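These are the residues of each chain, in order.
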Amino acid sequence: MTKSATYASAGVDIDAANRATEKIKELARATFNARTLSEIGSFGGMFDGAFPEMRQPVLVASADGVGTKLKIAFATGIHNTIGRDLVNHCVNDILVQGARPLFFLDYIATGKLAPETITSIVEGIANGCGENGCALLGGETAEMPGFYADGEYDVAGFIVGVVDREKIIDGHTITPGDVVLGLPSVGLHTNGYSLARKLFFEVTDYQAETHLDELDETIGAALLKPHVSYLSTLEGLLDTGMIKGLAHITGGGLLENIPRILPAGTNVEIKRGSWPVLPIFESMRRIGNIEEEEMFRTFNMGIGMVIICAPSNASEIAARVDSCYEIGRVTDGDKRVVLV
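Not measured: the values here are computed from a predicted model. (Residues numbered from 1 in each chain as written. Predicted model: local features only at pLDDT ≥ 70, side-chain atom pairs only at ≥ 80, totals over all residues. Heavy atoms only, no water.)

A. Representation of the sheet that holds strand S12 (residues 337–339) within the structure. Spatial strand order, S8-S10-S5-S11-S9-S12: six strands in an open sheet with mixed pairing. A strand with exactly one partner marks an edge of an open sheet, and here the two such strands are strand S8 (243–248) and S12. The mean inter-strand angle of the sheet, taken between neighbouring strand axes irrespective of direction, is 30 degrees. Relative to S12, strand S9 (residues 266–270) runs parallel, the two being bridged by three bridges. Among the inter-strand pairings, valine 268 is bridged to a residue of S12, identified as valine 337. Taken strand by strand, helix H3 (residues 82–95) contacts S8 and strand S10 (303–309), and its axis lies near 150 degrees from that of S8. Packed onto the sheet, helix H11 (residues 311–320) meets strand S5 (179–184), S8 and S10 and runs at close to 140 degrees relative to S10. (Pairing = 2+ DSSP bridges. Helix = DSSP H or I, 4+ residues; strand = E, 2+ residues; numbered from the N terminus. Axes fitted to C-alpha atoms, helices over the stretch in contact; angles between N-to-C directions. Contact = heavy atoms within 4.5 Å.)

B. Here's a closer look at the environment of histidine 89. Structurally, histidine 89 is set in helix H3. Remark: the alpha-carbon pair of histidine 89 and alanine 63, spanning 26 residues in sequence, is separated by 9.4 Å. Each residue touching histidine 89, except ones within four places of it in the same chain, is listed here: Asp64, Gly65, Thr190, Asn191, His227, His248 and Thr250.

C. Geometry of unusual backbone geometry. Although it is not a glycine, aspartate 216 sits at a positive phi angle of roughly 60 degrees. Take aspartate 216: it is sitting in the loop between strand S6 (211–212) and strand S7 (217–218). According to the relative accessible area criterion, aspartate 216 is exposed, its value standing at 64%. For lysine 335, which is not a glycine, the phi torsion comes out positive at approximately 65 degrees. Mapping lysine 335 onto the fold places it in the loop between strand S11 (325–332) and S12. (Buried < 20%, exposed > 50% of the residue type's maximum accessible area, 1.4 Å probe, protein only.)

If you want it as structure tokens, here you go:
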């Protein structure tokens, strides 16, 4: 080489990363609380681990992404909602064990770092953390030239929460005769997007900006509907002992996620037509001529969280949440979900 090589000449812009980091610091600080003991930019994030109000605090951790919903963000140019989806997904994953979130870490990787895009993503993450009462404690932004297509990125989240051991929700007390309640979703949340994109953008050749009367909005808007956090809905019920089991309906739908919390010797019967299925699911079923079982094991079908409780507690739980449907019963069986 006749010129001195630099990191920038290889495609990594440290100055752009520094500009993004300064804005990220502002966004993250808004989520800090009295337990946050470090600033963004430290090698590790520090959080006060004392829980004097709990007899036996148990940490619950999870990691996840948002899958190919990212492709919808790329197609629409809307990047400030995907981070909130990520946080809410992770919050729900630890919520099913009765845990409340403490702090969150993010990882964003891209080919060429665009500070405004990274800032938009982190804005969504910070909003999600603020809404769920957890600190955005740290993260990583990686610029990897040649690894991602222009304008594309990946994002992952890592969450830690806490629950008192005696208040863990794990499904072990579920018995035949228990009631299955469903909390509504607002769309696909963050699952089933590979099939959804195939149906809307390949089979039908629609575009993200195509308006569908049956959805009363554009396809892009319908597919960017947020992943709902159920923390605020269930907050007042977590310590009551009324909830025997919770299942976050993500990849695998109702058919694959509910069995994860069932004890041996039990099944769940889900009653068809016991809740309103959102129009987007009917649109995809029609476009792809998809069989019912495939729909129920790919999409949430309008139910984002399942509660299992004793019949004597069902009415009180339903009265204490925003919206709820009785969708089934626990029966004798072999840890399967059956549509009836």
